[in-house]
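Listed below, chain by chain, are the residues.
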Amino acid sequence: MNSQKQLKQRIFGLDVVRASAILFVVFSNLFYVLDIYNPAFISLSGLFGYFGVEVFFVLSGFLIGTILLKKYLSDQFNFTEIKTFLKRRWYRTLPAYYLVLILNIVLALVFNYDFSNWWEYFLFVQNLFTYDIPFFRESWSLSVEEWTYLLIPFVLFFGSKLLKISKKISFIIIVIGLIVLFHLFRYYAYLNLEIYEMDVWNTEIKSTVIYRIDAILFGFVIAWLHYFYKDFLYKLRVYLLIIAAHLFFFQFAVMNVLKFDLVTTPLYFKVFYFSFTSLIVSVGLPFFINWKTTHNLLRKPIELISRISYSMYLLHYSIITVLLKYVLDNYLSISSKPIILILYIGFTIVFSFILYKFYEKPMMDLRDKE
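Not measured: the values here are computed from a predicted model. (Residues numbered from 1 in each chain as written. Predicted model: local features only at pLDDT ≥ 70, side-chain atom pairs only at ≥ 80, totals over all residues. Heavy atoms only, no water.)

Chemist: Sorry, what's going on with the overall build of the protein here?
Modeler: Within the protein one finds 15 helices and zero strands. Each principal axis of the C-alpha distribution contributes one length, and for the protein these read about 65 × 55 × 45 Å. Counting over 370 residues, the protein shows a buried share of 49%. If you take every contact in the protein between residues at least 6 apart in sequence, the share linking residues at least 24 apart comes to 78%. Roughly 18700 Å² of accessible area belongs to the protein as shown, and the carbon and sulfur atoms make up 68% of that amount. Of the side-chain charges in the protein, 34 are positive and 24 negative, and the distance between the mean point of each set is 13 Å. (Helix = DSSP H or I, 4+ residues; strand = E, 2+ residues; numbered from the N terminus. Buried < 20%, exposed > 50% of the residue type's maximum accessible area, 1.4 Å probe, protein only. Contact = heavy atoms within 4.5 Å. Areas by Shrake-Rupley, 256 points an atom, 1.4 Å probe, with all protein chains shown as cover. Lys, Arg positive; Asp, Glu negative; His and termini not counted. Charge placed at Lys NZ, Arg CZ, Asp CG, Glu CD.)

Structure (C-alpha coordinates):
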(Lines give C-alpha, C1' and ligand atoms only; values in the text may rest on other atoms or scores of the structure.)
Protein backbone atom coordinates (compact mmCIF):
# COMPACT_ATOMS: atom_id res chain seq x y z
CA MET A 1 0.00 0.00 0.00
CA ASN A 2 1.60 3.27 -1.07
CA SER A 3 1.82 6.31 1.17
CA GLN A 4 -0.60 8.35 -0.94
CA LYS A 5 -3.32 5.75 -0.54
CA GLN A 6 -2.66 5.54 3.22
CA LEU A 7 -2.95 9.31 3.48
CA LYS A 8 -6.31 9.27 1.71
CA GLN A 9 -7.59 6.55 4.00
CA ARG A 10 -6.62 8.32 7.22
CA ILE A 11 -9.30 10.44 8.85
CA PHE A 12 -7.72 13.39 10.61
CA GLY A 13 -10.51 13.67 13.17
CA LEU A 14 -9.88 10.12 14.37
CA ASP A 15 -6.18 10.93 14.65
CA VAL A 16 -7.19 13.89 16.83
CA VAL A 17 -9.29 11.61 19.04
CA ARG A 18 -6.54 9.00 19.36
CA ALA A 19 -3.80 11.56 20.00
CA SER A 20 -5.94 13.40 22.57
CA ALA A 21 -6.75 10.17 24.37
CA ILE A 22 -3.11 9.11 24.76
CA LEU A 23 -2.07 12.60 25.85
CA PHE A 24 -4.82 12.52 28.50
CA VAL A 25 -3.45 9.21 29.77
CA VAL A 26 0.15 10.44 29.77
CA PHE A 27 -0.92 13.59 31.64
CA SER A 28 -2.55 11.46 34.34
CA ASN A 29 0.89 10.42 35.64
CA LEU A 30 2.32 13.92 35.99
CA PHE A 31 1.49 14.21 39.68
CA TYR A 32 3.69 11.19 40.37
CA VAL A 33 6.55 12.18 38.06
CA LEU A 34 6.60 15.79 39.26
CA ASP A 35 5.88 15.04 42.94
CA ILE A 36 2.73 17.18 42.91
CA TYR A 37 0.36 15.84 45.50
CA ASN A 38 -2.18 18.63 45.51
CA PRO A 39 -5.61 16.94 45.88
CA ALA A 40 -7.15 19.02 43.08
CA PHE A 41 -4.30 18.18 40.70
CA ILE A 42 -4.50 14.48 41.57
CA SER A 43 -8.27 14.52 40.96
CA LEU A 44 -7.77 16.21 37.62
CA SER A 45 -5.08 13.68 36.73
CA GLY A 46 -7.43 10.84 37.60
CA LEU A 47 -10.16 12.34 35.42
CA PHE A 48 -7.81 12.71 32.46
CA GLY A 49 -6.55 9.14 32.78
CA TYR A 50 -10.03 7.70 33.13
CA PHE A 51 -11.51 9.68 30.25
CA GLY A 52 -8.56 8.97 27.97
CA VAL A 53 -8.98 5.21 28.33
CA GLU A 54 -12.75 5.46 27.84
CA VAL A 55 -12.16 7.40 24.62
CA PHE A 56 -9.86 4.61 23.45
CA PHE A 57 -12.57 2.05 24.20
CA VAL A 58 -15.29 3.78 22.20
CA LEU A 59 -12.94 4.65 19.33
CA SER A 60 -11.74 1.05 19.19
CA GLY A 61 -15.35 -0.10 19.19
CA PHE A 62 -16.16 2.17 16.27
CA LEU A 63 -13.21 0.96 14.19
CA ILE A 64 -13.59 -2.72 15.01
CA GLY A 65 -17.37 -2.49 14.87
CA THR A 66 -17.15 -1.06 11.35
CA ILE A 67 -14.95 -3.97 10.23
CA LEU A 68 -17.21 -6.60 11.81
CA LEU A 69 -20.39 -4.95 10.56
CA LYS A 70 -19.18 -5.11 6.96
CA LYS A 71 -18.26 -8.77 7.41
CA TYR A 72 -21.55 -9.47 9.17
CA LEU A 73 -23.60 -8.01 6.33
CA SER A 74 -21.81 -10.12 3.72
CA ASP A 75 -22.77 -13.66 2.81
CA GLN A 76 -19.26 -14.85 3.73
CA PHE A 77 -19.43 -14.14 7.46
CA ASN A 78 -18.12 -17.48 8.70
CA PHE A 79 -15.40 -18.99 10.87
CA THR A 80 -12.80 -18.36 8.19
CA GLU A 81 -13.65 -14.65 8.20
CA ILE A 82 -13.53 -14.59 11.99
CA LYS A 83 -10.15 -16.33 11.94
CA THR A 84 -8.84 -13.71 9.50
CA PHE A 85 -10.20 -10.90 11.65
CA LEU A 86 -8.60 -12.30 14.81
CA LYS A 87 -5.31 -12.93 13.06
CA ARG A 88 -5.14 -9.31 11.87
CA ARG A 89 -6.06 -7.94 15.31
CA TRP A 90 -3.50 -10.14 17.03
CA TYR A 91 -0.76 -9.10 14.60
CA ARG A 92 -1.69 -5.52 15.46
CA THR A 93 -1.76 -5.81 19.26
CA LEU A 94 0.02 -8.88 20.60
CA PRO A 95 3.67 -8.56 19.43
CA ALA A 96 4.23 -5.14 21.04
CA TYR A 97 2.20 -6.13 24.10
CA TYR A 98 4.24 -9.29 24.73
CA LEU A 99 7.53 -7.46 24.20
CA VAL A 100 6.62 -4.80 26.75
CA LEU A 101 5.23 -7.47 29.07
CA ILE A 102 8.61 -9.21 29.06
CA LEU A 103 10.30 -5.88 29.82
CA ASN A 104 7.92 -5.43 32.75
CA ILE A 105 8.74 -8.90 34.07
CA VAL A 106 12.44 -8.01 33.91
CA LEU A 107 11.75 -4.80 35.86
CA ALA A 108 9.72 -6.79 38.36
CA LEU A 109 12.77 -8.97 38.93
CA VAL A 110 15.07 -5.97 39.28
CA PHE A 111 12.81 -4.01 41.62
CA ASN A 112 11.57 -7.07 43.49
CA TYR A 113 7.91 -6.63 42.56
CA ASP A 114 5.39 -9.38 43.08
CA PHE A 115 5.07 -11.13 39.70
CA SER A 116 3.95 -14.57 40.85
CA ASN A 117 0.97 -14.38 38.48
CA TRP A 118 3.06 -13.44 35.42
CA TRP A 119 1.53 -16.20 33.31
CA GLU A 120 -1.93 -14.62 33.62
CA TYR A 121 -0.78 -11.63 31.61
CA PHE A 122 0.07 -13.84 28.63
CA LEU A 123 -3.52 -15.14 28.58
CA PHE A 124 -5.14 -11.79 29.50
CA VAL A 125 -6.83 -13.30 32.57
CA GLN A 126 -5.14 -11.03 35.14
CA ASN A 127 -8.37 -9.05 35.43
CA LEU A 128 -10.94 -11.21 33.65
CA PHE A 129 -13.23 -11.81 36.64
CA THR A 130 -11.20 -10.34 39.50
CA TYR A 131 -8.40 -7.80 39.53
CA ASP A 132 -4.95 -9.34 40.01
CA ILE A 133 -2.47 -6.82 38.58
CA PRO A 134 0.53 -6.13 40.85
CA PHE A 135 2.66 -4.81 37.95
CA PHE A 136 2.15 -3.54 34.37
CA ARG A 137 -1.02 -1.91 35.59
CA GLU A 138 -2.06 -0.35 32.30
CA SER A 139 -2.54 -3.88 30.94
CA TRP A 140 -6.05 -3.96 32.41
CA SER A 141 -7.55 -2.10 29.47
CA LEU A 142 -5.71 -4.30 26.97
CA SER A 143 -7.43 -7.34 28.49
CA VAL A 144 -10.78 -5.65 27.93
CA GLU A 145 -9.85 -5.04 24.30
CA GLU A 146 -8.55 -8.55 23.63
CA TRP A 147 -11.51 -10.33 25.16
CA THR A 148 -13.83 -8.13 23.11
CA TYR A 149 -11.97 -9.06 19.92
CA LEU A 150 -12.24 -12.73 20.83
CA LEU A 151 -15.83 -12.96 22.05
CA ILE A 152 -17.92 -10.53 20.01
CA PRO A 153 -17.31 -11.99 16.49
CA PHE A 154 -18.53 -15.40 17.68
CA VAL A 155 -21.55 -13.88 19.43
CA LEU A 156 -22.41 -12.06 16.21
CA PHE A 157 -21.96 -15.24 14.17
CA PHE A 158 -24.22 -17.39 16.33
CA GLY A 159 -26.64 -14.52 16.85
CA SER A 160 -27.06 -14.16 13.10
CA LYS A 161 -28.05 -17.83 12.93
CA LEU A 162 -30.65 -17.48 15.68
CA LEU A 163 -32.28 -14.22 14.61
CA LYS A 164 -34.22 -14.79 11.40
CA ILE A 165 -34.52 -11.11 10.55
CA SER A 166 -32.57 -8.66 8.40
CA LYS A 167 -28.89 -8.44 9.21
CA LYS A 168 -29.15 -4.69 9.58
CA ILE A 169 -31.60 -5.09 12.48
CA SER A 170 -30.10 -8.25 13.99
CA PHE A 171 -26.64 -6.65 14.31
CA ILE A 172 -27.88 -3.72 16.39
CA ILE A 173 -30.19 -5.97 18.43
CA ILE A 174 -27.26 -8.22 19.33
CA VAL A 175 -25.02 -5.26 20.22
CA ILE A 176 -27.65 -3.54 22.37
CA GLY A 177 -28.50 -6.87 23.99
CA LEU A 178 -24.83 -7.32 24.92
CA ILE A 179 -24.67 -3.79 26.34
CA VAL A 180 -27.67 -4.61 28.53
CA LEU A 181 -26.05 -7.91 29.56
CA PHE A 182 -22.88 -6.21 30.81
CA HIS A 183 -25.02 -3.71 32.69
CA LEU A 184 -26.66 -6.67 34.39
CA PHE A 185 -23.21 -7.99 35.33
CA ARG A 186 -22.46 -4.64 36.98
CA TYR A 187 -25.85 -4.66 38.65
CA TYR A 188 -24.96 -8.04 40.12
CA ALA A 189 -21.76 -6.47 41.41
CA TYR A 190 -23.80 -3.62 42.88
CA LEU A 191 -25.95 -6.12 44.78
CA ASN A 192 -23.13 -8.38 45.96
CA LEU A 193 -19.91 -6.37 46.27
CA GLU A 194 -19.62 -4.08 49.26
CA ILE A 195 -17.42 -1.34 47.85
CA TYR A 196 -17.19 1.99 49.65
CA GLU A 197 -13.74 3.23 48.59
CA MET A 198 -12.80 4.59 45.17
CA ASP A 199 -9.53 2.64 45.11
CA VAL A 200 -11.45 -0.63 45.43
CA TRP A 201 -14.06 0.54 42.90
CA ASN A 202 -11.22 1.38 40.52
CA THR A 203 -9.86 -2.16 40.58
CA GLU A 204 -12.83 -4.40 41.28
CA ILE A 205 -15.29 -2.80 38.84
CA LYS A 206 -13.69 -0.18 36.60
CA SER A 207 -10.70 -2.35 35.69
CA THR A 208 -12.32 -5.79 35.49
CA VAL A 209 -13.07 -7.21 32.05
CA ILE A 210 -16.44 -8.76 32.79
CA TYR A 211 -17.84 -5.36 33.76
CA ARG A 212 -16.32 -3.22 30.99
CA ILE A 213 -16.76 -4.74 27.52
CA ASP A 214 -19.89 -2.66 26.92
CA ALA A 215 -17.71 0.48 26.73
CA ILE A 216 -16.32 -0.84 23.44
CA LEU A 217 -19.78 -1.92 22.29
CA PHE A 218 -20.97 1.69 22.44
CA GLY A 219 -18.54 2.24 19.57
CA PHE A 220 -20.26 -0.58 17.68
CA VAL A 221 -23.51 1.39 17.92
CA ILE A 222 -21.86 4.44 16.36
CA ALA A 223 -20.37 2.20 13.64
CA TRP A 224 -23.87 0.94 12.82
CA LEU A 225 -25.36 4.44 12.78
CA HIS A 226 -22.50 5.74 10.65
CA TYR A 227 -22.88 2.89 8.17
CA PHE A 228 -26.64 3.18 7.69
CA TYR A 229 -27.31 6.85 8.56
CA LYS A 230 -24.08 8.55 7.54
CA ASP A 231 -25.68 11.65 6.02
CA PHE A 232 -27.94 12.14 9.04
CA LEU A 233 -24.98 12.01 11.45
CA TYR A 234 -23.04 14.38 9.22
CA LYS A 235 -25.78 17.00 9.39
CA LEU A 236 -25.97 16.73 13.19
CA ARG A 237 -22.24 16.41 13.91
CA VAL A 238 -21.74 19.91 15.35
CA TYR A 239 -24.89 19.75 17.46
CA LEU A 240 -23.89 16.33 18.76
CA LEU A 241 -20.45 17.66 19.74
CA ILE A 242 -22.09 20.51 21.67
CA ILE A 243 -24.38 18.04 23.42
CA ALA A 244 -21.37 15.85 24.29
CA ALA A 245 -19.54 18.85 25.77
CA HIS A 246 -22.54 19.70 27.95
CA LEU A 247 -22.91 16.08 29.07
CA PHE A 248 -19.21 16.00 29.94
CA PHE A 249 -19.58 19.11 32.08
CA PHE A 250 -22.67 17.66 33.72
CA GLN A 251 -21.07 14.31 34.61
CA PHE A 252 -17.72 15.57 35.84
CA ALA A 253 -18.64 18.98 37.28
CA VAL A 254 -22.33 19.33 38.08
CA MET A 255 -22.75 15.85 39.50
CA ASN A 256 -19.73 16.39 41.74
CA VAL A 257 -21.29 19.59 43.04
CA LEU A 258 -24.51 17.68 43.62
CA LYS A 259 -22.50 15.21 45.77
CA PHE A 260 -22.86 12.14 43.59
CA ASP A 261 -20.35 9.69 45.01
CA LEU A 262 -19.79 6.01 45.68
CA VAL A 263 -21.39 6.11 49.13
CA THR A 264 -24.48 8.22 48.47
CA THR A 265 -25.21 6.99 44.92
CA PRO A 266 -23.73 3.48 44.67
CA LEU A 267 -26.11 2.32 41.92
CA TYR A 268 -24.95 5.13 39.63
CA PHE A 269 -21.26 4.63 40.35
CA LYS A 270 -21.27 0.86 40.10
CA VAL A 271 -23.62 0.44 37.14
CA PHE A 272 -24.21 3.59 35.10
CA TYR A 273 -21.14 5.79 35.60
CA PHE A 274 -19.24 4.09 32.78
CA SER A 275 -22.29 4.06 30.51
CA PHE A 276 -22.65 7.81 30.89
CA THR A 277 -19.02 8.35 29.89
CA SER A 278 -19.33 6.00 26.91
CA LEU A 279 -22.45 7.85 25.83
CA ILE A 280 -20.61 11.19 26.00
CA VAL A 281 -17.76 9.92 23.83
CA SER A 282 -20.17 8.25 21.41
CA VAL A 283 -22.27 11.39 20.96
CA GLY A 284 -19.18 13.49 20.21
CA LEU A 285 -17.51 10.97 17.90
CA PRO A 286 -19.48 11.72 14.67
CA PHE A 287 -17.93 15.19 14.55
CA PHE A 288 -14.45 13.73 14.41
CA ILE A 289 -15.40 10.92 12.02
CA ASN A 290 -16.37 13.60 9.51
CA TRP A 291 -13.26 15.75 10.05
CA LYS A 292 -11.38 14.35 7.09
CA THR A 293 -8.20 16.42 6.87
CA THR A 294 -6.45 19.67 7.75
CA HIS A 295 -3.26 21.60 6.95
CA ASN A 296 0.07 19.77 7.16
CA LEU A 297 1.38 21.99 9.96
CA LEU A 298 -1.30 20.68 12.30
CA ARG A 299 -1.80 17.28 10.71
CA LYS A 300 1.72 15.88 10.90
CA PRO A 301 2.38 16.11 14.67
CA ILE A 302 -1.11 14.88 15.52
CA GLU A 303 -0.80 12.02 13.04
CA LEU A 304 2.56 11.09 14.56
CA ILE A 305 1.16 10.93 18.09
CA SER A 306 -1.81 8.98 16.76
CA ARG A 307 0.39 6.44 15.01
CA ILE A 308 2.58 5.79 18.06
CA SER A 309 -0.30 6.00 20.57
CA TYR A 310 -0.38 2.23 21.20
CA SER A 311 3.35 2.13 21.87
CA MET A 312 2.98 5.20 24.10
CA TYR A 313 0.26 3.48 26.08
CA LEU A 314 2.38 0.38 26.56
CA LEU A 315 5.51 2.26 27.61
CA HIS A 316 4.45 5.49 29.31
CA TYR A 317 3.84 4.29 32.85
CA SER A 318 5.34 0.92 33.79
CA ILE A 319 8.50 1.53 31.77
CA ILE A 320 9.13 5.27 31.26
CA THR A 321 7.55 6.65 34.41
CA VAL A 322 8.95 3.99 36.72
CA LEU A 323 12.49 4.17 35.34
CA LEU A 324 12.54 7.97 35.16
CA LYS A 325 11.27 8.26 38.72
CA TYR A 326 13.85 5.75 39.93
CA VAL A 327 16.72 7.61 38.24
CA LEU A 328 15.52 10.99 39.53
CA ASP A 329 15.18 9.70 43.09
CA ASN A 330 18.51 7.86 43.19
CA TYR A 331 20.96 9.32 40.69
CA LEU A 332 19.94 12.78 39.48
CA SER A 333 19.17 15.85 41.56
CA ILE A 334 16.84 17.71 39.24
CA SER A 335 14.40 19.96 41.06
CA SER A 336 13.14 21.90 38.04
CA LYS A 337 9.68 20.58 37.24
CA PRO A 338 9.72 21.92 33.64
CA ILE A 339 12.93 19.97 32.94
CA ILE A 340 11.44 16.80 34.46
CA LEU A 341 8.31 17.33 32.39
CA ILE A 342 10.38 17.69 29.21
CA LEU A 343 12.31 14.53 30.07
CA TYR A 344 9.09 12.59 30.72
CA ILE A 345 7.33 13.68 27.53
CA GLY A 346 10.51 13.45 25.46
CA PHE A 347 11.45 9.93 26.59
CA THR A 348 7.87 8.74 26.15
CA ILE A 349 7.63 10.01 22.57
CA VAL A 350 11.14 8.97 21.51
CA PHE A 351 11.02 5.42 22.85
CA SER A 352 7.45 4.96 21.64
CA PHE A 353 8.50 6.04 18.17
CA ILE A 354 11.37 3.55 18.26
CA LEU A 355 9.04 0.74 19.33
CA TYR A 356 6.54 1.70 16.62
CA LYS A 357 9.09 2.19 13.83
CA PHE A 358 11.22 -0.88 14.38
CA TYR A 359 8.79 -3.40 15.85
CA GLU A 360 5.10 -2.49 15.82
CA LYS A 361 4.97 -1.27 12.19
CA PRO A 362 7.07 -4.14 10.78
CA MET A 363 4.63 -6.55 12.40
CA MET A 364 1.72 -4.75 10.76
CA ASP A 365 3.54 -4.82 7.43
CA LEU A 366 4.05 -8.55 7.84
CA ARG A 367 0.34 -8.93 8.57
CA ASP A 368 -0.58 -7.04 5.39
CA LYS A 369 1.76 -9.19 3.29
CA GLU A 370 0.13 -12.37 4.58
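Chemist: Sorry if this is basic, but what is going on with the packing of aromatic side chains here?
Modeler: What characterises a pair of aromatic rings is the spacing of the ring centres plus the angle enclosed by the ring planes. Applying the stated criterion across every chain yields a total of 50 aromatic pairs. Relative to Phe154, the ring of Phe79 lies with its centre 6.0 Å away and its plane at 40°, an arrangement referred to as tilted. A residue pair is termed long-range when its members are at least 10 positions apart, and Phe79 in helix α5 (residues 79-111) and Phe154 in helix α7 (residues 139-162) qualify at 75 residues. Looking at Phe79, the relative accessible area reads 43%, which means it is partly exposed. On the basis of relative accessibility, which here comes to 27%, the residue Phe154 falls in the partly exposed class. (Phe/Tyr/Trp six-rings, centres within 6.5 Å; stacked < 30°, edge-to-face > 60°.)

Chemist: Whenever I open this one, the environment of Val209 confuses me. Can you help?
Modeler: Summarising the element assignment, Val209 is placed in the loop between α9 (198-206) and α10 (213-228). Separated by 42 residues in sequence, Val209 and Lys167 place their C-alpha atoms 28 Å apart. Those residues within four positions of Val209 in sequence are excluded, and the remaining contacts are Asn127, Leu128, Ser143, Val144 and Trp147.

Chemist: What is the right way to read α5 from this model?
Modeler: An α-helical segment advances 3.6 residues per turn. Residues three or four places apart therefore align on the same side. For α5, with 33 residues, the first-to-last C-alpha span of 44 Å sits near the 48 Å given by 1.5 Å per residue. Along its length, α5 shows its largest kink, about 35°, at Trp90. The N-capping residue of α5, defined by a side-chain oxygen 3.1 Å from the backbone nitrogen of Thr80, is Asn78. (Expected span 1.5 Å × (residues − 1). Bend = angle between axes of the 7 residues up to and from the residue. Polar contact = N/O pair within 3.5 Å; in protein donor to acceptor, adjacent residues only side chain to side chain.)

Chemist: Just checking my understanding: could you explain the environment of Phe12 for this structure?
Modeler: Examined against the element boundaries, Phe12 turns out to sit in helix α2 (residues 12-27). Of the residues examined, Phe12 reaches a relative accessible area of 2% and is grouped as buried. Separated by 278 residues in sequence, Phe12 and Asn290 place their C-alpha atoms 8.7 Å apart. If sequence neighbours within four positions are ignored, Phe12 has contacts with Trp291, Lys292, Thr293, Thr294, Leu298, Arg299 and Ile302.

Chemist: Could you clarify how one ought to interpret the pattern of salt bridges in this entry?
Modeler: Once the charged atoms of two side chains with opposite charge are near each other, the side chains can pair. Tallied over the full model, the rule gives 13 salt bridges. Notably, a salt bridge pairs Asp15 with Arg10, separated by 2.5 Å at the nearest N-O pair. Taking the relative accessible area as the measure of exposure, Asp15 reaches 2% and is therefore buried. We classify Arg10 as partly exposed; its relative accessible area is 21%. One salt-bridge network, in which partners are shared between bridges, spans Arg10, Asp15, Arg18, Arg299, Glu303 and Arg307. (Salt bridge = Lys/Arg side-chain N within 4 Å of Asp/Glu carboxyl O.)

Chemist: Is there a simple way to think about the nonpolar core in this case?
Modeler: Generally speaking, a soluble globular protein has its nonpolar side chains buried in company with each other. If you look at the biggest cluster of nonpolar residues, it comprises 109 residues, and the most contacted ones within it are Tyr97, Leu217, Phe220 and Leu285. No other element matches the 13 residues that helix α4 (residues 39-73) contributes to this core. For Leu285, the residues in contact, after removing those within four places along its chain, are Leu14, Val17, Val58, Leu59, Phe62 and Ile222. (Core = buried A, V, L, I, M, F, W, Y, C linked by side-chain atoms within 4.5 Å.)

Chemist: Where do I start with helix α11 (residues 230-257) in this structure?
Modeler: Along its 28 residues, α11 runs 37 Å from first to last C-alpha, staying within 8% of the 40 Å computed at 1.5 Å per residue. The sharpest bend along α11 reaches about 60° and sits at Arg237. Every buried residue of α11 is accounted for by Leu233, Leu240, Ala244, Gln251, Phe252 and Met255. Tucked into the core, α11 has its buried residues touching α4, α10 and α12 (266-289). Lys259 lies just past α11 and shows a positive phi near 70°.

Chemist: Got a minute to help me understand the environment of Glu146 in this structure?
Modeler: Mapped onto the fold, Glu146 is located in helix α7. Exposure remark for Glu146: the relative accessible area of 8% places this residue in the buried category. Distance in space between the C-alpha atoms of Glu146 and Ile195 is 27 Å, their sequence separation being 49 residues. Not counting residues up to four positions away in its chain, the partners in contact with Glu146 are Trp90, Thr93, Leu94 and Phe124.

Chemist: I keep staring at the packing of α5 against helix α15 (residues 337-369) and nothing clicks. Help me out?
Modeler: Where α5 contacts α15, the two axes come as close as 9 Å, and the packing angle between them is 150°. If you check the angle between α5 and α15, you find them roughly antiparallel. α5 and α15 meet at a crossing whose hand is right-handed. In this structure, α5 contributes Arg88, Tyr91, Arg92, Pro95, Ala96, Leu99 and Val100 to the contact, and α15 contributes Leu355, Tyr359, Glu360, Met363, Met364, Leu366, Arg367 and Asp368. Class assignment of the residues belonging to the contact of α5 with α15 gives a composition of 10 nonpolar, no polar and five charged. (Axes fitted to C-alpha atoms, helices over the stretch in contact; angles between N-to-C directions. Parallel < 35°, antiparallel > 145°, perpendicular 65-115°, else oblique. Left-handed = near helix turned anticlockwise from the far one by under 90°. Nonpolar A, V, L, I, M, F, W, Y, C, P; charged D, E, K, R; others polar.)

Function cannot be read off these values alone, since they describe shape.
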